[in-house]
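Here are the chains, one letter per residue:
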Amino acid sequence: MASLADDAAVERTAPGRYRASLAEDWSVWGPNGGYLAAVALRAAGDAAGGLLPVSLSCQFLAPARYGEAELTVERVHGTRRAAAFHVTLRQRNRTVLAAHVWTVAGGLVGPERRWMPAPELPGPDELPALVDLMRRDGLPVLPIWERCYEVRLSGWPAGGWSPQRDGVPTVRGWLRLHEPLPADADPWLAAARLVFAVDVVQFPAIVQAFEQTTFMAPSMDLYVGFQAGGDAGEWLLVEGEAASANGGTLGARARVWSDGGHLLATGGQQMLYRMASPA
């Protein structure tokens, strides 16, 4: 099974410069956007030292390829309480990704409130695996679902998949990595898992609105805000909502909670509508 801890690792080659190897396991139409953003976040985390991640704003500028990539991290603003970093990921002399990462110092004092309770779902052990449902209904299964992560989905119709015709197209369920993070994972690796979870739940929400998925939706950008630290548990409760389809773009948003119901991350993205190539 694929390991996010290993496959999103970065190696420092000089101050502010890093090397990564993009693994083919994390593939959809190419390297998954959430996976690429996780790699960028790991580089920012190394450069940030003891600072903690607050948000990631990422733009996907060119298709990535598997294999070696180079990253640069620049501190663009900083105080004793917070700092911002700019990250670029390049391959073959072109910029593939650009991101801004905000950080804060640990131990800051402020109000403690949470206004987004987790939806009430059966536990993951009570729900079927998404890949089993898709095989049952004759739908294609992507290798990334088998190699990288597992989804236990709530609300899949017993009679087979059908589009959601009323209300906001939404998916809710549980997600876990096939290869768990190490017990001593640092806050940046824990945040990288949340980036991936926020990203992968949004396109499926949009798919809920359509009779057939005859299109692709490469990510144009991705925003993730990190809402809480600490141990999130093996399973993440994820929710994706479609926002709009307009002018050749698709928009969605996502939320992620711990298995104990604590809000961990929120996010959104814009995707570029593209018709799928004929088989």
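### What to know about the overall build of the protein
Piece 1. Helix and strand content of the protein: six helices and 14 strands.
Piece 2. Taking 19 Å as the expected radius of gyration for a compact globule of 279 residues, we find that the protein reaches 18 Å, a close match to that expectation.
Piece 3. By its C-alpha atoms, the protein is 55 × 45 × 35 Å across when sized along the principal axes.
Piece 4. Across the 279 residues that make up the protein, the buried fraction comes to 48%.
Piece 5. Sequence-distant contacts, at least 24 apart, represent 69% of the contacts inside the protein between residues at least 6 apart.
Piece 6. About 14,000 Å² of surface is accessible on the protein, with carbon and sulfur atoms providing 50% of the total.
Piece 7. Side-chain charges of the protein comprise 24 positive and 29 negative groups, with the mean position of each set lying 7 Å from the other.

### Quick look at helix H5 (residues 187–200)
Piece 1. For H5, built from 14 residues, the straight-helix expectation of 20 Å at 1.5 Å per residue is met to within 8% by its first-to-last C-alpha distance of 20 Å.
Piece 2. The buried count for H5 comes to twelve of 14 residues, which makes it a mostly enclosed element.
Piece 3. Buried residues of H5: Trp 188, Leu 189, Ala 191, Ala 192, Arg 193, Leu 194, Val 195, Phe 196, Ala 197, Val 198, Asp 199 and Val 200, and no others.
Piece 4. The distance from a side-chain oxygen at the start of H5 to the backbone nitrogen of Trp 188 is 2.8 Å, and the residue carrying that oxygen is Asp 186.

### Side note on helix H2 (residues 33–48)
Piece 1. For H2, which comprises 16 residues, the first-to-last C-alpha distance of 22 Å matches the rise-based estimate of 22 Å (1.5 Å per residue) to within 8%.
Piece 2. Judged by how many residues are buried, H2 sits mostly within the fold: 14 of 16 residues are covered.
Piece 3. Where H2 begins, the side chain of Asn 32 points an oxygen toward the backbone nitrogen of Gly 34, at a separation of 2.8 Å.
Piece 4. Immediately beyond the C-terminal end of H2, within one or two residues, lies Gly 49, with a positive phi of roughly 65°.

Rules and cut-offs
Residues numbered from 1 in each chain as written. Predicted model: local features only at pLDDT ≥ 70, side-chain atom pairs only at ≥ 80, totals over all residues. Heavy atoms only, no water. Helix = DSSP H or I, 4+ residues; strand = E, 2+ residues; numbered from the N terminus. Rg over C-alpha atoms; globule rule 2.2 N^0.38 Å. Buried < 20%, exposed > 50% of the residue type's maximum accessible area, 1.4 Å probe, protein only. Contact = heavy atoms within 4.5 Å. Areas by Shrake-Rupley, 256 points an atom, 1.4 Å probe, with all protein chains shown as cover. Lys, Arg positive; Asp, Glu negative; His and termini not counted. Charge placed at Lys NZ, Arg CZ, Asp CG, Glu CD. Expected span 1.5 Å × (residues − 1). Polar contact = N/O pair within 3.5 Å; in protein donor to acceptor, adjacent residues only side chain to side chain.

In short, geometric facts, not functional conclusions.
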